[in-house]
Amino acid sequence: WFLSRAKPVIVDGVITKWVGTCTNINEFKNLSTQKDTFLGIASHELKTPLTSLKLYAQVLERMMVKSGDERNADLARKMDLQVVKLTSLISDLLDVTKINAGKIHLNEDYFGFDELIKETIEEQQMSTSKKIETNFDVIGTVFADKERTAQVMTNLISNAIKYSPAADRIIVSSKVQDNNVIFSVQDFGIGMPADKLEKVFDQYYRVAEDQNNTFPGLGLGLYIAAEIIERSNGKIWVESELNRGSTFYFSLPLAHND
Ligand code: ADP
């Protein structure tokens, strides 16, 4: 039970009772679990045909290239890119249902942090005309889930690209500080007002509703990123100024290979 809008009833200066609205939140919890179960099943089912669709798009592209039909090859490439976007949205939905059910599993191992940054940037650079500038310090090994860490890096980089439509570059940096590696992505985009900064890591939160028309998204990427980083004993945070740009950071403990 949850008591909301409760007001004390005071008789002779003593609180005799509280009056408010009592709601049985078990019903909400059940609904929320049902919603997550449905989302989990739906996203899983949607992923299978998408895998085939991706394959067909790639086969089509190769066939077009072979026959010298560059215009249709380009269409097939665009189709492939849209399938990748759709797959990533569905993966986010699936991840959220896993997080809410406490079932997200981290496959931890030792890996070179700078190698992973390089690989991730290379991949992201292919899908943007902005210059991804780098600023690396010498970095060591961390003990975390490599694929999930790459997912967080990708999310921060793709957000920096998405939310800075007029800028021509972003800066990805990394350094070591107090036995932690610190990764950051700086953009020169739309930024955020100070009172919204804490909320951006909340589930389904998006800074401005009218953003939905301008920038596509579900408001899940940062929520998932925060869960992954915090479960890996790291921290995630942001500095931002409206209309100037944002810098997102995360830290992970350096591994001691002894
Ligand atoms: P999505 O981008 O799908 O909406 P995220 O969880 O990745 O979801 O981000 C949550 C919200 O935080 C975004 O909707 C946006 O309002 C804000 N945000 C995230 N990254 C940036 C950025 N680099 N610059 C400005 N706003 C950002």
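For clarity, every value in this text was computed on a predicted model and none was experimentally measured.

Calculation criteria
- Residues numbered from 1 in each chain as written.
- Predicted model: local features only at pLDDT ≥ 70, side-chain atom pairs only at ≥ 80, totals over all residues.
- Heavy atoms only, no water.
- Helix = DSSP H or I, 4+ residues; strand = E, 2+ residues; numbered from the N terminus.
- Buried < 20%, exposed > 50% of the residue type's maximum accessible area, 1.4 Å probe, protein only.
- Contact = heavy atoms within 4.5 Å.
- Areas by Shrake-Rupley, 256 points an atom, 1.4 Å probe, with all protein chains shown as cover.
- Lys, Arg positive; Asp, Glu negative; His and termini not counted.
- Charge placed at Lys NZ, Arg CZ, Asp CG, Glu CD.
- Pairing = 2+ DSSP bridges.
- Axes fitted to C-alpha atoms, helices over the stretch in contact; angles between N-to-C directions.
- Near = heavy atom within 4 Å.
- Polar contact = N/O pair within 3.5 Å; in protein donor to acceptor, adjacent residues only side chain to side chain.
- Nonpolar A, V, L, I, M, F, W, Y, C, P; charged D, E, K, R; others polar.
- Core = buried A, V, L, I, M, F, W, Y, C linked by side-chain atoms within 4.5 Å.

## Considerations on the overall build of the protein chain
Scanning the protein chain from terminus to terminus reveals six helices and nine strands. Seen along its three principal axes, the alpha-carbon backbone of the protein chain occupies a region of about 90 × 45 × 45 Å. Every one of the 258 residues in the protein chain was classed for burial, and the buried ones make up 37%. Within the protein chain, residue pairs in contact and separated by at least 24 positions form 65% of the contacts whose partners lie at least 6 positions apart. Surface summary for the protein chain: the accessible area is close to 16100 Å², and the carbon and sulfur share equals 54%. For the protein chain, the separation between the mean place of its 29 positive charges and that of its 35 negative charges on side chains is 5 Å.

## Here we look at the sheet that holds strand E8 (residues 235-241)
Taken together, five strands build an open sheet; the order of strands is E4-E6-E7-E9-E8 and the sheet is mixed. Sheet topology places strand E4 (131-136) and E8 at the edges, where each strand pairs with a single neighbour. Between one strand and the next, the sheet's axes are offset by a mean angle of 15°, whatever the strand orientation. Alignment of strand E6 (residues 169-177) against strand E7 (residues 180-186), held across seven bridges, turns out to be antiparallel. Note on E7: the bridge partner recorded for Ser173 is Ser184. Packing against the sheet, helix H6 (residues 221-231) makes contact with E8 and strand E9 (245-253), and its axis sits at approximately 140° to E8.

## A closer look at the site of the ligand
Surrounding the ligand, one finds 22 residues, the nearest of these being Asn159, Tyr163, Asp187, Arg206 and Leu222. Contacts to the ligand include Leu218, whose backbone N or O atom sits 3.1 Å from an oxygen atom. Contact with the protein chains removes 97% of the 530 Å² of surface that the ligand exposes when unbound. Of all the elements in the fold, those that place two or more residues in the shell around the ligand are helix H4 (146-162), H6 and E9. A class-by-class count of the residues in the shell around the ligand yields 11 nonpolar, eight polar and three charged.

## Focus: the environment of Thr87
Considering the arrangement of structural elements, one finds Thr87 in helix H2 (residues 70-100). Residue Thr87 is classed as partly exposed on the basis of its relative accessible area of 25%. For the pair formed by Thr87 and Gly20, sequence separation is 67 residues and the distance between their alpha carbons is 45 Å. Residues within four places of Thr87 in sequence aside, it is in contact with Lys47 and Leu50. Polar side-chain contacts of Thr87 include one of 2.6 Å to the backbone oxygen of Val83.

## Here we look at the nonpolar core
Core analysis: the largest hydrophobic core is formed by 44 residues, its most contacted members being Phe113, Ile157, Val172, Phe183 and Phe250. Ignoring sequence-local partners within four residues, the contact set of Val172 consists of Ile117, Ile121, Ile132, Glu133, Thr134, Asn135, Phe136, Ile157, Phe183, Ser184 and Val185.

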